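Listed below, chain by chain, are the residues.
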Amino acid sequence: MRRTARQVRLMAATALGLGSMVALTHLPAHAASTVAINGGTTYQKIDGFGVSEAFGQANSIRTAASATRQQALDLLFSTTKGAGFSILRSIIPSGSDSIEPKAPAGPSATPTYVWNGSNDAQDQGQVWLAKQAKSYGVTNFYNDAWSAPGFMKTNGSDSNGGSLCGTPGASCGSGDWRQAYANYLVQHARFWASAGLTPSAVGFVNEPTLTTSYSSMLVNPSQAASLLSVLGPTMKASGLSTKVACCDALGFNNLPGYVSAVQGNATANAGVGLFTSHGYSGAPSSPIDTGGRPLWESEWSINGSTWNTSWDDGSEGSGLTWAQRIHTGLTQANLNAFLYWWGVSSTSHDSSLIGLNGSTLTPSKRYYALAGYSRFIRPGATRISATTGDAGLKVSAYRNTDGSVALVVLNTGTSSTSATYTLSNAGLSNGTVAPYLTNGSNSLAPQGTIALGGGAFTANLPARSLVTYQISGGGTGTSSPTPPAGAACKVGATVNAWNTGLTEDLTITNTGTTPIDGWSLKFTLPAGQTIVSGWNATFSSSGSQVTATNASYNGSLAPGASAGIGFQAGHTGDTAAPTAFTLNGSPCEVA
């Protein structure tokens, strides 16, 4: 494996303390700034943050001493003691430990699958780990194959590259293995589902431009589209809610070619529900047009032989470097998810966030940088506008489904900075602000709470530090929906469908000239659609007629302002968007 070829053992272990308290409101400040948070301007929905424990690292946790094992799980998945990671990425084995260790007579022959989901060691211990993660509330399991089994490939091995037989330019005497590989991936997902761990997504390749001595497969864009034109319909016919992902590219500079090829093949395009890329050869720093589908940074780390626990030493492995990478990915590439490579690793080098040496766990500052986002920005949150004129501050804000706001501020300057924060259209005017500080001497350390009054608060940020503000409390309240004179509205709808389910994001815009104080959106679902759950609004339905009523934090819409809501629904085939939108009784334009 590329990341274990340069392993080093942890030379020294440090204590796991979360750091000391720093009174953020009393630090000497050398500059004054303002930060404006506007919930009326919304961006992408956040699916979550996560890690992988592939290539045996899940077993390293499983076989550790009881106290160490519990501490590792808490550090990874607890929202009070750890990072609260909500996505677990697992490898789909392709060698002798795969679900099809023996080659069938040919691509059309009946395969012999092998599975023992009750065995804690199944899939390199990843099934066990996923069950532990589920006990913390994790439901987002992304399973990704590095390669097809060797007998399906041009080189006869699951390692050292080679291509899938039957894809363009990969002709094999044994025949076309695309359908057999699609069946294999779907069956693996079914096995996980039988263990109560239905994958949210399945990927068919990892870093498709890279040949390695471990499991790897070369897949160019046209080959990806060819396979996806088979895998997509096969997954849809399975009855699973699992999305098909493409293509875990080596870098975001590689991904657009795959997206373009997929979008140029109607069958492949209809079957893909998620686009994924790593950050190695190209960082996520600008948007990619995915046709409305989520975009994940699904793996990134430092492929070195060092173990760096520094916050701000100027190196690639430092916490401050990763805090800036996460911020850029979320705010400039509009990522829906951000995943590091390993969470806990017994090899203790920079490919992991937390080192495991014997019974000692040592989180790096990279871990705390990511935890400053992942613990507080929960799945389903929506990024909202956060702006400042201070070039030294990197700010981003997220409205969670419970109405709280997570504000993450990175001070890249060399002086502490006093800033006044104002919140508008966020449903929060009075309440509590709880800061958590990470820098050279603090690790997600809780600070003294600050009062939110009149939609504003002031705080000082230490130099070269990351502070997450968890904002909650009272708002302006919700009044009865009343249509203002001359009100007008526009509704935009984005549908992401799979098998028998779909999600739909709706954007409601006040195109009138007067504010709306409380709203009720009504619409008609296509035949066969039934709402399962929703976010950012209260949904009720009678047959195909649905009413969505504003939450406490998004009921006020100034002229030109928007509110983002959404829902998940089941369907029997018709995946079209709703029709006949009205807001407070007035018909809406469809964007």
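Model, not experiment: these values are computed from the prediction. Residue positions are counted from 1 within each chain, in the order its sequence is given. Local features in this predicted model are restricted to residues of pLDDT 70 or higher, and side-chain atom pairs are both shown and tallied only at a pLDDT of 80 or more, whereas totals for entire chains, interfaces and linings draw on every residue. No hydrogens and no water enter the side-chain calculation; it runs on all heavy atoms of the structure.

Draft legend 1. Spotlight on the overall build of the chain. Tallying secondary structure elements over the chain gives nine helices and 32 strands in all. Whereas a compact globule of 591 residues would reach a radius of gyration of roughly 25 Å, the chain reaches 24 Å, a difference of no more than 12%. Residue burial in the chain is summarised as follows: out of 591 residues, 58% are buried. Note on contacts: a residue pair qualifies if any of its non-hydrogen atoms lie within 4.5 Å across the two residues. At a minimum sequence separation of 6, the contacts of the chain that also span at least 24 residues come to 74%. Working definition: helices are DSSP H or I runs of at least four residues, strands are E runs of at least two. Numbering for both runs from the N terminus. Here the radius of gyration uses the C-alpha set of atoms, whereas the globule reference equals 2.2 Å times the residue count to the power 0.38. Type-normalised accessible area, obtained with a 1.4 Å probe on protein chains alone, sets the label of each residue: buried when under 20%, exposed when over 50%, and partly exposed for intermediate values.

Draft legend 2. Focus on the pairing of strand β30 (residues 579–583). As paired strands, strand β24 (residues 520–524) and β30 are joined by three bridges and run antiparallel to one another. From the neighbouring strand, Leu521 faces β30, where its bridge partner is Leu583. Here, any two strands with at least 2 DSSP bridges between them count as paired. From the end of β30 to the start of strand β31 (residues 586–587), which pair antiparallel, there are two residues, and Asn584 there has a positive phi angle of about 55 degrees.

Draft legend 3. Expanded view of the sheet that holds β31. Read across the sheet, five strands follow the order β26-β27-β24-β30-β31 without closing on themselves; strand pairing throughout is antiparallel. Single-partner strands in this sheet number two, and they are β26 (537–542) and β31. Here two bridges tie β30 to β31, and the two strands are oriented antiparallel to one another. What sits directly across from Thr582, in β31, is Pro587.

Draft legend 4. Up close: the confidence of the model for the chain. Residues with a pLDDT of 70 or more make up 92% of the chain, whose mean pLDDT is 90. In the predicted structure, residues 1–31 sits below a pLDDT of 50 and forms 95 contacts with residues beyond four places in sequence or in another chain. pLDDT is defined as a per-residue confidence score from the predictor, taking values between 0 and 100.

Draft legend 5. Spotlight on the pattern of salt bridges. One speaks of a salt bridge when a side-chain nitrogen belonging to Lys or Arg is within 4 Å of a carboxyl oxygen belonging to Asp or Glu. Under the definition given, this model contains eight salt bridges. In this structure, Asp74 and Lys81 form a salt bridge, with 3.8 Å as the shortest nitrogen-oxygen distance. Here Asp74 falls in the buried class, since its relative accessible area comes to 13%. The closest approach of N and O atoms between Asp248 and Arg89, which form a salt bridge, is 3.2 Å. With a gap of 159 residues between them, Asp248 in strand β6 (residues 243–249) and Arg89 in strand β3 (residues 87–92) connect regions that are remote in the sequence. For Asp248, a relative accessible area of 1% translates into the label buried. Judged by its relative accessible area of 0%, Arg89 is buried. It is possible to trace a salt-bridge network through shared partners that takes in Arg89, Asp144, Asp248 and Glu299.

Draft legend 6. Focus on the state of the cysteines. Defined by distance alone, a disulfide is two cysteine sulfur atoms within 2.5 Å. Taken as a whole and judged by the stated rule, the model has three disulfides. Across a sulfur-sulfur distance of 2.0 Å, Cys165 and Cys172 are joined as a disulfide pair. Note on the Cys165 and Cys172 pair: the S-S dihedral is about -80 degrees, so by sign convention the disulfide is left-handed. Taking relative accessible area as the criterion, Cys165 reaches 1% and is therefore assigned buried.

Draft legend 7. Expanded view of the sheet that holds strand β29 (residues 562–570). Taking strand neighbours across the sheet as the criterion, the five strands line up as β25-β29-β22-β21-β32 in an open arrangement whose pairing is mixed. Strands at the two margins of the open sheet, each flanked by one partner only, are β25 (530–535) and β32 (589–590). Direction of pairing for strand β21 (residues 489–498) relative to strand β22 (residues 501–510): antiparallel, over a ladder of 10 bridges. Looking at the pairing, Lys490 lines up with Thr509 of β22.

Draft legend 8. View of helix α6 (residues 255–263). Of the positions making up α6, those classed as buried are Leu255, Tyr258, Val259 and Val262. For α6, the arc enclosing every buried residue in end-on projection is 100 degrees, short of the 170-degree limit, so these residues lie on one face. On the buried face of α6, the contacting elements are α5 (221–237), β6, α7 (266–271), β7 (272–278) and β8 (295–299). When we speak of the arc, we mean the arc of directions from the helix axis to the C-beta atoms.

Draft legend 9. Just helix α3 (residues 126–135), in detail. Buried within α3 we find Gln126, Val127, Trp128, Leu129, Ala130 and Ala133. For α3, the elements touching its buried residues are α1 (57–62), α2 (66–77), β3, β4 (140–145) and α4 (178–194). Two residues or fewer past α3, Gly137 is found with a positive phi of approximately 100 degrees.

Draft legend 10. How the structure looks around the packing of aromatic side chains. Only Phe, Tyr and Trp rings are paired, with Trp represented by its six-membered ring, and only when their centres lie within 6.5 Å; those with planes under 30 degrees apart are stacked, over 60 edge-to-face, the remainder tilted. What the rule picks out here adds up to 22 aromatic pairs. Among the aromatic residues, those joined into a cluster by ring pairs are Phe55, Trp146, Tyr214, Trp341 and Trp342. Definition used: whenever NZ (Lys) or CZ (Arg) falls within 6 Å of the ring centre and also within 35 degrees of the ring normal, the charge is taken to sit over that ring. For Arg383, the ring lying beneath its charged end belongs to Tyr43, and the centroid distance is 4.1 Å.

Draft legend 11. Structural view of the environment of Thr139. With respect to the secondary-structure elements, Thr139 resides in the loop between α3 and β4. On the accessibility criterion, Thr139 (59% relative accessible area) is exposed. Spatially, the C-alpha atom of Thr139 lies 8.6 Å from that of Leu88, the residues being 51 residues apart in sequence.

Draft legend 12. How the structure looks around unusual backbone geometry. Here Cys246 and Cys247 are connected by a cis peptide whose omega angle stands at 5 degrees. Here Cys247 shows up in strand β6. Despite not being glycine, Asp123 shows a phi value in the positive range, around 55 degrees. Within the element layout of this structure, Asp123 appears in the loop between β3 and α3. Take Asp123: its relative accessible area is 2%, and that puts it in the buried class. In this structure, Asn536 is a non-glycine residue whose phi angle is positive, near 65 degrees. Note on placement: Asn536 falls in the loop between β25 and β26. With a relative accessible area of 3%, Asn536 lands in the buried category.

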